[in-house]
Amino acid sequence: GASSSTHHGDFLKCLSDHSNTSIPIYTPQNSKYSFILQSTLASLRFNTSTTPKPFLILTPLTESHVQTAVVCSKKHGIQIKVRSGGHDFEGLSYISDVPFIIVDLFNLKKIDVDVNSKVAWVQSGATTGEVYYTIAKKSKTLGFPAAICTTVGVGGHFSGGGYGFMLRKYGTAADNVIDARIVDAHGKILNRKSMGKGLFWAIRGGGGGSFGIVISWKIKLVTVPPVVTVFSVSKTLAEGATSLVHKWQQAAHKLPHELFIMLGLGIVDATPKGEKTIIATFDSMYLGDAKKLQTIMQARFPELGLESKDYTEMSWIQSVLLFDGIPTNSSIDVLVSRPQPKSLAKVKSDYVKQVIPPIELENIWKRILKDEQTGMMFMPYGGKMSEIAETETPFPHRNGTLFKIIYLVYWTEEQVGISKKYLNQIKRMYEFMTPYVTKSPREAYANYRDLDLGQTSKNGTASYAQAKVWGSKYFKGNFDKLVYVKSKVDPDNFFRNEQSIPRDSSLT
Ligand code: FDA
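Residues numbered from 1 in each chain as written. Predicted model: local features only at pLDDT ≥ 70, side-chain atom pairs only at ≥ 80, totals over all residues. Heavy atoms only, no water.

Looking only at helices and strands, one finds 16 helices and 18 strands in the chain. In terms of overall dimensions, the chain is globule-like: its C-alpha atoms have a radius of gyration of 23 Å, near the 23 Å expected for 508 residues. Projected onto its principal axes, the C-alpha coordinates of the chain cover approximately 70 × 50 × 45 Å. Taking all 508 residues of the chain together, the buried fraction comes to 57%. In the chain, of all internal contacts separated by at least 6 residues, the share reaching a separation of at least 24 is 73%. Accessible surface, the chain: about 20,600 Å² in total, of which carbon and sulfur atoms supply 52%. (Helix = DSSP H or I, 4+ residues; strand = E, 2+ residues; numbered from the N terminus. Rg over C-alpha atoms; globule rule 2.2 N^0.38 Å. Buried < 20%, exposed > 50% of the residue type's maximum accessible area, 1.4 Å probe, protein only. Contact = heavy atoms within 4.5 Å. Areas by Shrake-Rupley, 256 points an atom, 1.4 Å probe, with all protein chains shown as cover.)

Given below as structure tokens:
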């Protein structure tokens with residue numbers, strides 16, 4: 001209506017009054033609007049004609065543009081969503097049920113690697129693949145422990161933890177952040193020193209969207225050997241998958257920190273007639289050579305029956321390509337030039353602290369065989385993850401955790417009309433798994449954002465009690481400290497979303 005467009009006019013005037021150089025802006029009337037909106041939108045579930053769209057997309061070119069965006073949005077009471085890589089599983093970085101704008105950081109993607117000091121400054125709009133690429137261009141023996149998927153954005157990813165194949169050796173991405181630059185709710189730029197201990201703690205795992213806009217991160221690079229070794233082996237039920245999965249649960253979290261064996265569970269044809277069976281796939285990366293890995297596997301997990309030919313040596317950066325499904329003989333340039341894959345999917349997570357016995361695994365197989373499109377992946381913990389205290393960062397899933405479960409269901413665009421069917425499948429699977437996973441709270445991974453765990457009825461205005469329902473799952477006992485920090489740094493609850501950290505009004 002007329003009043004809202006006047007309102008938007010005042011907002012636009014504020015933007016130009018507050019910056020010397022103009023901030024690129026896209027309104028729905030702009031011919032590039034849809035292209036920009038869809039460029040990093042990873043989930044096709046939130047790309048329909050009925051999905052709420054922003055009335056404006058701002059694409060800052062400088063830190064001061066981000067400050068201006070915050071100052072003017074706050075002044076005019078405009079809801080903002082911040083987007084870095086757009087991989088949020090619930091689309092929280094680009095949808096809202098109230099009128100909103102997107103502050104999209106894709107232009108802020110500078111990466112400065114200092115090989116001598118083994119550190120880098122990375123802007124939030126970069127992807128993890130661009131980070132790996134830039135490090136690998138400068139050194140064959142440095143790397144960084146972050147996402148397996150190389151199109152994930154740094155901004156959201158580091159905010160929620162972030163893990164990949166070096167998790168057991170070096171912890172999460174957030175564990176390796178040593179400084180940051182953030183625009184706070186007053187539009188001020190703060191660094192580690194000026195933001196204070198509480199806020200610097202909160203942004204390393206407390207989830208994106210609650211505390212401010214992190215513009216850049218200083219990360220500690222980690223040592224990788226010139227040669228790493230990988231293997232991938234699959235076993236069906238007839239080939240002993242059940243006892244191997246049982247053994248994996250006991251072994252994987254105790255193996256040397258350099259060794260990460262991920263386990264995928266899905267279905268495959270058992271007979272030419274199309275009868276189905278379960279297939280367990282063990283994908284592994286070892287920070288060392290094949291000879292050493294072979295010795296370890298023979299001593300610790302001989303049941304897997306690996307032979308010399310199963311081990312492949314390559315550089316760390318080639319393993320990055322491999323695990324993201326890119327042929328390892330490709331030029332690593334693909335990490336900076338790849339279009340973002342988009343899909344229809346739903347993901348959920350769980351943590352396991354007690355080995356699931358074979359007889360229970362058999363029941364789980366039956367469930368998977370009934371809901372054919374929903375698969376599971378088990379990610380081993382232990383190693384470095386057990387050495388970091390639960391309170392050191394907001395990410396609380398540490399000592400005592402054997403592994404994380406990822407549930408995932410994908411469907412095709414032809415199946416979009418029956419999306420509900422797949423959303424129900426994964427919910428059923430999650431219910432079914434209740435006896436085998438953590439309880440009170442049933443833990444979940446903040447970067448696998450899942451609105452089934454609860455959300456505010458009206459965007460971003462949850463009470464402490466409402467938010468504690470999902471907040472304790474993502475953060476356990478750290479939730480209260482996150483609420484405390486939030487109350488101090490953003491008392492007006494300017495940065496908010498469907499599952500953001502609430503204020504406690506007695507603290508503001
Ligand atoms: P996006 O831009 O959508 O932001 C996510 C959240 O953070 C939103 O709430 C957003 O507002 C907020 N935010 C974004 N930028 C911010 C900033 N600069 N400051 C403050 N808040 C900000 N995870 C993992 O640990 N390991 C993995 O291997 C993978 N793999 C993977 C594959 C695929 C295909 C997907 C879709 C997702 C993953 N993930 C993952 C999950 C991923 O870590 C998670 O979705 C991250 O939050 C994505 O960060 P983006 O910046 O891309 O998301």
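From this point, things continue past the structure.
In the vicinity of the ligand lie 30 residues, with Val82, Ser84, Ser93, Val214 and Tyr445 positioned nearest. About the coverage of the ligand: the protein hides 92% of its 960 Å² of free accessible area. Where the shell around the ligand is concerned, the elements lending two or more residues are strand S3 (79-83), helix H5 (154-160) and strand S10 (213-220). A class-by-class count of the residues in the shell around the ligand yields 12 nonpolar, 16 polar and two charged. (Near = heavy atom within 4 Å. Nonpolar A, V, L, I, M, F, W, Y, C, P; charged D, E, K, R; others polar.)

Right, let's get into unusual backbone geometry. Looking along the chain, the bond that leaves serine 440 and enters proline 441 is cis, with omega of 0°. Tracing the sequence through the fold places proline 441 in the loop between helix H14 (419-432) and helix H15 (464-475). With a phi angle near 45°, serine 440 is a residue other than glycine that sits in the positive phi range. By secondary structure assignment, the location of serine 440 is in the loop between H14 and H15. Serine 440 gets classed as exposed once you look at its relative accessible area, which sits at 75%. Of note in this structure, lysine 476 is not a glycine but carries a positive phi near 50°. Counting through the fold element by element, lysine 476 comes out in the loop between H15 and helix H16 (478-489).

Taken N-terminus to C-terminus, the directions of helix H12 (residues 358-370) and H14 make an angle of 170°; their axes are 11 Å apart at the nearest point. Between H12 and H14, the interaxial angle falls into the category roughly antiparallel. On the side of H12, the interface is formed by Asn363, Ile364, Arg367 and Ile368, while H14 contributes Arg428, Met429 and Phe432. Of the residues assigned to the contact of H12 with H14, the class counts are four nonpolar, one polar and two charged. (Axes fitted to C-alpha atoms, helices over the stretch in contact; angles between N-to-C directions. Parallel < 35°, antiparallel > 145°, perpendicular 65-115°, else oblique.)

Turning next to the nonpolar core. Ranked by size, the top nonpolar core spans 126 residues in total, and within it Ile219, Phe231, Leu265, Phe282, Met297 and Met376 carry the most contacts. If we skip the residues at most four places from it in the chain, isoleucine 219 touches Lys118, Val119, Ala120, Val122, Val131, Phe144, Phe158, Asn176, Val177 and Ile178. Residues Ala69, Ile101, Val103 and Leu105 belong to the second largest nonpolar core, which totals 23 residues. (Core = buried A, V, L, I, M, F, W, Y, C linked by side-chain atoms within 4.5 Å.)

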